[in-house]
Amino acid sequence: MDLFLLCFFAGLDLFALLGLKFQKKAAKSTAKIYRHCPCKKMADNGSLSTLCMYAAMGGFLYSGYALSFVGLGDWVLDGLFLLVLVCGYLGWNLKRE
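Quantities reported herein were computed from a predicted structural model and do not represent experimental measurements. Residue numbers run consecutively from 1 along every chain, following the written order of its sequence. Restriction of local features to residues with pLDDT of at least 70 applies here, the model being predicted, together with a cutoff of 80 or more for giving and counting side-chain atom pairs; totals for whole chains, interfaces and linings are based on all residues. Where side-chain values are given, they derive from all heavy atoms of the structure, hydrogens and water being excluded.

**Some words on the environment of glycine 91**
So, point 1. In this text, helices come from DSSP runs of H or I with a minimum length of four residues, and strands from runs of E with a minimum of two, each type numbered from the N-terminal end. Position of glycine 91 among the secondary structure elements: in helix 5 (residues 75–96).
So, point 2. Only protein chains enter the calculation, and the probe is 1.4 Å; a residue is then buried if its accessible area is under 20% of its type maximum, exposed if over 50%, and partly exposed in between. When its relative accessible area of 0% is taken as the criterion, glycine 91 is described as buried.
So, point 3. Put simply, glycine 91 and serine 49 are 42 residues apart on the chain and 4.2 Å apart in space, counted from C-alpha to C-alpha.
So, point 4. Whether two residues touch is decided by their heavy atoms; if any such pair falls within 4.5 Å, the residues are in contact. Sequence-distant contacts of glycine 91, that is, excluding residues within four places in its chain, are made with Ser49, Cys52 and Met53.

**Remarks on the packing of helix 3 (residues 38–45) against helix 4 (residues 47–70)**
So, point 1. For helices, the axis comes from a line fit to the C-alpha atoms of the stretch in contact; other axes are also lines fit to C-alpha atoms, and the angle between any two N-to-C directions lies between 0 and 180 degrees. Close contact between helix 3 and helix 4 brings their axes to 5 Å; oriented N to C, the two are set at 85°. Here helix 4 runs roughly perpendicular to helix 3, going by the angle between their axes. Between helix 3 and helix 4, the residues in contact are Cys39, Met42, Ala43 and Asn45 and Ser47, Leu48 and Leu51, respectively.
So, point 2. Gly counts as polar in this scheme, as do all residues outside two lists: the nonpolar Ala, Val, Leu, Ile, Met, Phe, Trp, Tyr, Cys and Pro, and the charged Asp, Glu, Lys and Arg. Classifying every residue of the contact of helix 3 with helix 4 by side-chain character gives five nonpolar, two polar and no charged. The cut-offs work like this: below 35 degrees is roughly parallel, past 145 is roughly antiparallel, 65 to 115 is roughly perpendicular, and the gaps in between are oblique.

**Some remarks on helix 3**
So, point 1. Considered for burial, the residues of helix 3 that qualify are Cys39, Lys40 and Ala43. Looking down the long axis of helix 3, one finds its buried residues gathered within 95° of arc, a one-sided arrangement.
So, point 2. Trailing helix 3 by a residue or two, glycine 46 shows a phi angle of about 90°, which is positive. The arc in question is the one traced by the directions running from the helix axis out to the C-beta atoms.

See the structure below:
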């Protein structure tokens, strides 16, 4: 379960980074890839930031709960905790733009 969540949040962070990059470039360029990319569409209508924020809240609760039992030292839980914080930060930046 922890490894699955780690992969999920890594993918979500990459998706959010692409959406953040395409959201900024959309005003400058009208290339075809920017118009048809799902990252840009989700970033423009705000659903990507909402997804990142809600996933980060749930992931933070899960990883904080698991870290309280296991403690630091498990690389999967430590990575999950860091990716959750990055996901929340990216969701906040997507909402701000």
